[in-house]
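Letter by letter, the chains look like this.
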Amino acid sequence: MDDPAAFGQLIQFRAPANLSKAIDTAASQRCQSKSDYIRQALIDRLQADGASAMAEQQYCLVRDGELISTSFKPAKEPDGGEWLPIENEDNQPFDPALHWRLKPLPLRLDGDRVVRVYPVVPKSMEHA
């Protein structure tokens, strides 16, 4: 999830010196990298405030029932296949006040759709 090629925008900000350690601790408790933790925290906060943090639609190239690649800008493929929109789902109802979203599970083909599932866990749950 932290592949720099997957994220086109670098955002930097100033913060107190102890914030980095706190983020590292919180991220490791949720089995996430610091970058994943920060991204998800920002998305959760934006959604709680009613803002849309969703990026462009992401697509997955499916050829003969196999997931080949992903892209935000699908193009005609000389080897065939079909670009399907990736549908994001939580594995259970999500409330940003009560839950954390963890790193998504691998993409899966579900009939004629490609699904990315985010595990949802209660905020009180400890991850070691």
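> Pulling in residues and values, what's your account of helix α1 (residues 19-29)?
Listed as buried for α1 are I23, A26 and A27. Buried residues along α1 cover an arc of 100 degrees about the axis, so they all sit on one side. Buried residues in α1 make contact with α2 (34-48). Where α1 ends, the next residue or the one after it, C31, has phi of about 55 degrees, a positive value.

> Could you give an account of the sheet that holds strand β3 (residues 82-90), with specific residues and numbers?
An order of β2-β1-β3-β6-β5 is seen for the five strands of this open sheet, with the pairing classed as mixed. The sheet is open, and its two borders are formed by β2 (66-71) and β5 (108-110), each paired with just one other strand. Going across the sheet, the axis of each strand differs from the next one's by a mean of 40 degrees, ignoring polarity. In the sheet, strand β1 (residues 59-63) pairs with β3 via four bridges, with the strands oriented antiparallel. Residue C60 lies in a different strand from β3, and its bridge partner there is L84.

> Hey, could you go over α2 for me, with residue numbers and the actual values?
Its 15 residues place the ends of α2 21 Å apart at the C-alpha level, agreeing with the 21 Å of an ideal helix rising 1.5 Å per residue. Considered for burial, the residues of α2 that qualify are D36, Y37, Q40 and D44. Take α2 and look down its axis: the buried residues cluster within an arc of 95 degrees, on one side only. Looking at the packing, one finds that the buried side of α2 touches α1, β4 (99-101) and β6 (113-118).

> Help me get a handle on the pattern of salt bridges, residues and values and all.
For the coordinates displayed, the defined rule picks out seven salt bridges. Between R113 and E89 there is a salt bridge, and its shortest N-O distance comes to 2.9 Å. Note that R113 is positioned in strand β6 and E89 in strand β3, a separation of 24 residues in sequence. Classification of E89 by relative accessible area gives partly exposed; the value is 27%. Ionic contacts of the salt-bridge type, sharing partners, join the residues E87, E89, R108, D110 and R113 into one network.

Reading guide: rules and limits
- Residues numbered from 1 in each chain as written.
- Predicted model: local features only at pLDDT ≥ 70, side-chain atom pairs only at ≥ 80, totals over all residues.
- Heavy atoms only, no water.
- Buried < 20%, exposed > 50% of the residue type's maximum accessible area, 1.4 Å probe, protein only.
- Helix = DSSP H or I, 4+ residues; strand = E, 2+ residues; numbered from the N terminus.
- Arc of directions from axis to C-beta.
- Contact = heavy atoms within 4.5 Å.
- Pairing = 2+ DSSP bridges.
- Axes fitted to C-alpha atoms, helices over the stretch in contact; angles between N-to-C directions.
- Expected span 1.5 Å × (residues − 1).
- Salt bridge = Lys/Arg side-chain N within 4 Å of Asp/Glu carboxyl O.

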